[in-house]
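Letter by letter, the chains look like this.
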Amino acid sequence: MTPDASGPPPALDSQARLSAEIEAAHRAYEQGLDRGAPAESGPRLDWPPYRSSLLRHPTKDLHHADPETIELFAPVFGERDIGALEADLTVQHHGEPIGERIVVRGRVVDGEGRPVRRQLVEVWQANAAGRYVHKRDQHPAPIDPNFTGVGRMLTDDDGWYRFQTIKPGPYPWKNHFNAWRPAHIHFSLFGRELTQRVVTQMYFPGDPLFALDPIYQSIQDARARDRLVAAYDHDVSEHEWATGYRWDIVLTGSHRTWTEPEDGDE
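Please read these numbers as outputs of a predicted model, since none were measured by experiment. (Residues numbered from 1 in each chain as written. Predicted model: local features only at pLDDT ≥ 70, side-chain atom pairs only at ≥ 80, totals over all residues. Heavy atoms only, no water.)

## Here's the deal with the overall build of the protein
Next up, step 1: Scanning the protein for helices and strands turns up 4 helices and 11 strands.
Next up, step 2: Within the protein, residue pairs in contact and separated by at least 24 positions form 71% of the contacts whose partners lie at least 6 positions apart.
Next up, step 3: Taken as a whole, the protein presents about 15,400 Å² of accessible surface, with 55% of it coming from carbon and sulfur. (Helix = DSSP H or I, 4+ residues; strand = E, 2+ residues; numbered from the N terminus. Contact = heavy atoms within 4.5 Å. Areas by Shrake-Rupley, 256 points an atom, 1.4 Å probe, with all protein chains shown as cover.)

## Section: the sheet that holds strand E3 (residues 150-154)
Next up, step 1: Strand order in this open sheet of 4 strands is E3-E2-E7-E8, and the pairing throughout is antiparallel. In this open sheet, the two edge strands, each paired with only one partner strand, are E3 and strand E8 (198-203). The mean inter-strand angle of the sheet, taken between neighbouring strand axes irrespective of direction, is 25°. (Pairing = 2+ DSSP bridges. Axes fitted to C-alpha atoms, helices over the stretch in contact; angles between N-to-C directions.)

## Quick look at the packing of aromatic side chains
Next up, step 1: In total, this model carries 11 aromatic pairs according to the counting rule given.
Next up, step 2: The interplanar angle of 70° and the centroid separation of 5.6 Å between the aromatic rings of Tyr50 and Trp173 together place this pair among those described as edge-to-face. Of this pair, Tyr50 sits in the loop between helix H1 (15-34) and helix H2 (53-56) while Trp173 sits in the loop between strand E5 (171-172) and strand E6 (180-181), and the two are 123 residues apart along the sequence. Here Tyr50 and Trp173 have matching classes, each one buried.
Next up, step 3: Look at Tyr203 and Tyr216: their rings are 5.2 Å apart centre to centre, the planes differ by 70°, and that puts the pair in the edge-to-face class. Of this pair, Tyr203 sits in strand E8 while Tyr216 sits in the loop between E8 and helix H4 (222-226), and the two are 13 residues apart along the sequence.
Next up, step 4: Assessed through its relative accessible area of 4%, Tyr216 is described here as buried.
Next up, step 5: Each residue in the set Tyr161, Phe163, Phe187 and Trp247 is aromatic and connected to the rest through ring pairs, giving one cluster.
Next up, step 6: Over the ring of Trp241 we find Arg101; its NZ or CZ atom is 3.7 Å from the centre of that ring.
Next up, step 7: Cation over ring: Arg105 sits above Trp160, and NZ or CZ is 3.8 Å from the ring centre. (Phe/Tyr/Trp six-rings, centres within 6.5 Å; stacked < 30°, edge-to-face > 60°. Buried < 20%, exposed > 50% of the residue type's maximum accessible area, 1.4 Å probe, protein only. Lys NZ or Arg CZ within 6 Å of the ring centre and 35° of its normal.)

## So, the pattern of salt bridges
Next up, step 1: Applying the stated rule across the entire model yields 15 salt bridges.
Next up, step 2: Taking the shortest distance from any N to any O, the salt bridge between Glu96 and Arg101 comes out at 3.2 Å.
Next up, step 3: Where Arg246 meets Asp248, a salt bridge forms, and the shortest distance between an N and an O atom there is 2.7 Å.
Next up, step 4: The class for Arg246 is partly exposed, based on a relative accessible area of 28%.
Next up, step 5: The class for Asp248 is partly exposed, based on a relative accessible area of 31%.
Next up, step 6: Salt bridges sharing common partners tie together Asp13, Arg17, Glu21 and Arg51. (Salt bridge = Lys/Arg side-chain N within 4 Å of Asp/Glu carboxyl O.)

## What to know about the nonpolar core
Next up, step 1: The biggest cluster of nonpolar side chains holds 37 residues, and the ones touching the most others in it are Tyr161, Phe163, Phe187, Met202 and Trp247.
Next up, step 2: Residues in contact with Tyr161, not counting those within four places in the same chain, are Val104, Arg105, Gly106, Arg107, Val108, Met153, Thr155, Phe187, Trp247 and Ile249. (Core = buried A, V, L, I, M, F, W, Y, C linked by side-chain atoms within 4.5 Å.)

## Regarding the side chain of Thr155
Next up, step 1: With respect to the secondary-structure elements, Thr155 resides in the loop between E3 and strand E4 (160-166).
Next up, step 2: Owing to a relative accessible area of 0%, Thr155 belongs among the buried residues under this scheme.
Next up, step 3: One polar contact links the side chain of Thr155 to the main-chain amide nitrogen of Arg118, over a distance of 3.0 Å.
Next up, step 4: A distance of 2.8 Å separates the side chain of Thr155 from the backbone nitrogen of Gln119, its partner in a polar contact.
Next up, step 5: Apart from the residues lying within four places of it in its own chain, the contact partners of Thr155 are Val108, Val116, Arg117, Arg118, Gln119, Val121, Trp160 and Tyr161. (Polar contact = N/O pair within 3.5 Å; in protein donor to acceptor, adjacent residues only side chain to side chain.)

## Section: the environment of Pro205
Next up, step 1: Its location among the elements puts Pro205 in the loop between E8 and H4.
Next up, step 2: Those residues in contact with Pro205 that lie beyond four places of it in its chain are Val229, Ala230, Tyr232 and Tyr245.

What follows is the structure in structure tokens.
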């Protein structure tokens with residue numbers, strides 16, 4: 001038995017309404033650029049199509065904290081703490097996970113293109129059915145007993161990282177009626193201190209859900225949105241084993257990769 005898809009419940013907005021809001025906001029942004037307004041390469045914190053952002057975004061000045069005090073209570077990461085197999089999300093259990101095996105490879109660089117060496121990169125994602133191994137995820141899709149969906153590694157001396165994983169599936173969320181998130185992988189990067197952590201998301205090329213997703217569309221500038229999308233790279237693909245994607249992360253400068261202002265749930 002499937003849910004009734006005849007129309008949204010009274011408490012939920014339709015996709016058509018959300019899409020109209022997104023289109024109107026992007027049109028107003030382009031008109032603002034024509035009048036000389038500055039470009040926006042990051043997401044709007046107060047973004048009405050992302051309904052819960054109205055309740056979650058900061059409304060008051062942040063409190064300043066002493067970073068040295070924070071570091072006294074924070075975990076410390078080093079090369080000896082990270083196992084070589086942690087970057088392969090397909091071998092963490094006794095059996096093969098279900099889904100399309102992929103390799104994601106790229107460089108972490110600064111705004112001048114210089115490599116960011118020995119950078120801790122963490123990833124987490126849904127499985128091939130679009131399900132997270134998390135008690136808050138009650139999406140009626142199967143949990144894969146051979147796939148937890150988390151991994152980490154350090155970049156090498158040239159700033160390269162490489163993960164082997166399963167391509168995640170899209171999943172529903174409760175922003176509006178029939179809302180689906182595009183397939184994506186969460187990335188977290190630490191600097192030399194825990195206070196330097198940034199979080200972002202990597203998407204896959206050609207996803208039909210891009211135009212419908214309020215989170216992806218919260219970035220007004222189309223070129224900045226495009227920087228979140230990986231490219232299929234045949235040189236990264238492995239013969240009869242895995243397809244490959246290339247995604248570079250730029251931490252500073254005008255072409256930097258968008259990062260979340262704070263940890264998000266989606």
